[in-house]
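Topology and contacts: notes
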Amino acid sequence: MQKELSELTDQELLAEAKKMKYAPILSALTIGIMIGVIAWSVWKNTVGLFTLIPLFFIWKIVNGSKNNDALEELLKERGLK
């Protein structure tokens, strides 16, 4: 991902930053829903695959936020933000 970002022009980087503006809000909302599903599953005493799938998605969302950090770092490096 870092190599792809470094190859973008300044205008393309700004467009990517604009797209990712609402990504943290959407990620937080998704994680909240997944935690609700996990809590409901535990409350119903059905710990199993229905509990593990949301945990996997939460892990993927948290690890995916590293791409946003790389974009922010590149924007600061080029003096665009």
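Parameters at a glance
- Residues numbered from 1 in each chain as written.
- Predicted model: local features only at pLDDT ≥ 70, side-chain atom pairs only at ≥ 80, totals over all residues.
- Heavy atoms only, no water.
- Helix = DSSP H or I, 4+ residues; strand = E, 2+ residues; numbered from the N terminus.
- Rg over C-alpha atoms; globule rule 2.2 N^0.38 Å.
- Buried < 20%, exposed > 50% of the residue type's maximum accessible area, 1.4 Å probe, protein only.
- Contact = heavy atoms within 4.5 Å.
- Areas by Shrake-Rupley, 256 points an atom, 1.4 Å probe, with all protein chains shown as cover.
- Lys, Arg positive; Asp, Glu negative; His and termini not counted.
- Charge placed at Lys NZ, Arg CZ, Asp CG, Glu CD.
- Phe/Tyr/Trp six-rings, centres within 6.5 Å; stacked < 30°, edge-to-face > 60°.
- Expected span 1.5 Å × (residues − 1).

A closer look at the overall build of the protein chain
- A tally of helices and strands in the protein chain yields four helices and zero strands.
- The C-alpha radius of gyration of the protein chain comes to 17 Å, more than 25% above the 12 Å expected for a compact globule of 81 residues.
- Projected onto the principal axes, the alpha-carbon positions of the protein chain cover approximately 50 × 20 × 15 Å.
- The proportion of buried residues among the 81 residues of the protein chain is 16%.
- Across the protein chain, contacts joining residues at least 24 apart in sequence account for 65% of those joining residues at least 6 apart.
- For the protein chain, the computed accessible surface area is about 6200 Å², with 65% contributed by carbon and sulfur atoms.
- Averaging the coordinates of the 10 positive side-chain charges in the protein chain and doing the same for the 9 negative ones gives two points 9 Å apart.

Quick word on the packing of aromatic side chains
- Here the structure, examined in full by the defined rule, presents two aromatic pairs.
- Their ring planes at 35 degrees and their centres at 6.1 Å tell us that Phe-56 and Trp-59 sit as a pair that is tilted. Here the residue Phe-56 and the residue Trp-59 both occupy positions in helix H4 (residues 49-78), the gap between them amounting to three residues, near one helical turn.
- On the basis of relative accessible area, Phe-56 is assigned to the partly exposed category, the value being 44%.
- Judged by its relative accessible area of 48%, Trp-59 falls in the partly exposed class.
- Counting every residue linked through ring pairs, the aromatic cluster contains Phe-56, Phe-57 and Trp-59.

Considering helix H3 (residues 23-43)
- Under the 1.5 Å per step criterion, the end-to-end length of H3 is 30 Å for 21 residues, consistent within 8% with the ideal 30 Å.
- Asn-45 occupies a position one or two residues after H3 and carries a positive phi of about 60 degrees.

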